[in-house]
Amino acid sequence: MTPYARRGVHGQTVEALARRILGGEIPEGATLDLVALQSELDVSLTALRESLKVLAAKGMVDARQKRGTFVRARGDWNLLDADVLRWQFEGGRTTEADRALLRNLAEVRAIIEPAAVRLAAERRTADDLTALDDALRAMGEDDSDAGHAVEADLAFHRALLKSTHNELLERMEMVIESGLAHRDRIVHSSPHGENPVPAHQAVLDAVREQDPDAAEAAMRALLDQAGRDLERVDGDDETKGPGPQ
């Protein structure tokens, strides 16, 4: 599914409502006061209803006679939707719900990426290797901008999935990407993360040599390192205690 276009008043309204629901400001089961929301968001009732249709398509809200429009239970939300994942992680916060979702995504990656990299090792083309080389080169550049490191990491994992030449696996980037980007922003903003280049280089070397077993082992080692980095940052945050409110 193509990510929702974030343009204009309509797009801003969709995102404002989504973040409130995902952040718990509008809880599961709550009936929405459309008149109050219309006034608060300063949009027309038509624009508000059109925005709610987007969220309804993602399983987040529904409307019933006599009850009105309400927030559905979290179990009904399409958590694999790229927009829902992005909305969950945007906003400059890392809540316990965010961390739980990151742990879930880490488990999904541990299932998908080692198997995917085996296919990449068997099927990669010269163009695939060029894309992986370019991403790894960007990852190794001396750039203090965390955003640069995040984008380079995402480019590498996109290129790996593309190297499988499996259309459905390639689409998994939309599931993995939002959680990976948020994890990277947390880790790359900390001075204590391990250098990611050697672990990624080991994956690329095995893919280049068309060695599926080595590629899978290298990917599992990379994912283990990613988990250690996040645990280390979490530990630092707990040591520091809560910041200013």
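Residues numbered from 1 in each chain as written. Predicted model: local features only at pLDDT ≥ 70, side-chain atom pairs only at ≥ 80, totals over all residues. Heavy atoms only, no water.

With that settled, the discussion passes to the overall build of the chain. When helices and strands are tallied, the chain shows 11 helices and two strands. For the chain, the α and β elements follow one another from N to C terminus as α-α-α-β-β-α-α-α-α-α-α-α-α. Taking all 245 residues of the chain together, the buried fraction comes to 43%. Sequence-distant contacts, at least 24 apart, represent 70% of the contacts inside the chain between residues at least 6 apart. A total accessible area of about 13,000 Å² is found for the chain, and carbon and sulfur atoms account for 50% of it. (Helix = DSSP H or I, 4+ residues; strand = E, 2+ residues; numbered from the N terminus. Buried < 20%, exposed > 50% of the residue type's maximum accessible area, 1.4 Å probe, protein only. Contact = heavy atoms within 4.5 Å. Areas by Shrake-Rupley, 256 points an atom, 1.4 Å probe, with all protein chains shown as cover.)

Between helix α6 (residues 126-140) and helix α10 (residues 197-208), the least distance of the axes is 10 Å, while the angle of their chain directions is 165°. Viewed along their axes, α6 and α10 adopt a mutual orientation that is roughly antiparallel. The handedness of the crossing between α6 and α10 is left-handed. Facing α6, whose interface residues are Leu129, Leu132, Asp133, Leu136, Met139 and Gly140, α10 presents Val197, His200, Gln201, Leu204, Val207 and Arg208. Its residues assigned to classes, the contact of α6 with α10 shows seven nonpolar, three polar and two charged. (Axes fitted to C-alpha atoms, helices over the stretch in contact; angles between N-to-C directions. Parallel < 35°, antiparallel > 145°, perpendicular 65-115°, else oblique. Left-handed = near helix turned anticlockwise from the far one by under 90°. Nonpolar A, V, L, I, M, F, W, Y, C, P; charged D, E, K, R; others polar.)

Moving on, we get to the confidence of the model for the chain. A residue-level look at the chain finds 84% of positions with pLDDT of 70 or above and a mean pLDDT of 85. Overall, residues 238-245 carries pLDDT values under 50, and its contacts beyond four positions in sequence, including any with other chains, amount to zero contacts. (pLDDT = per-residue confidence, 0-100.)

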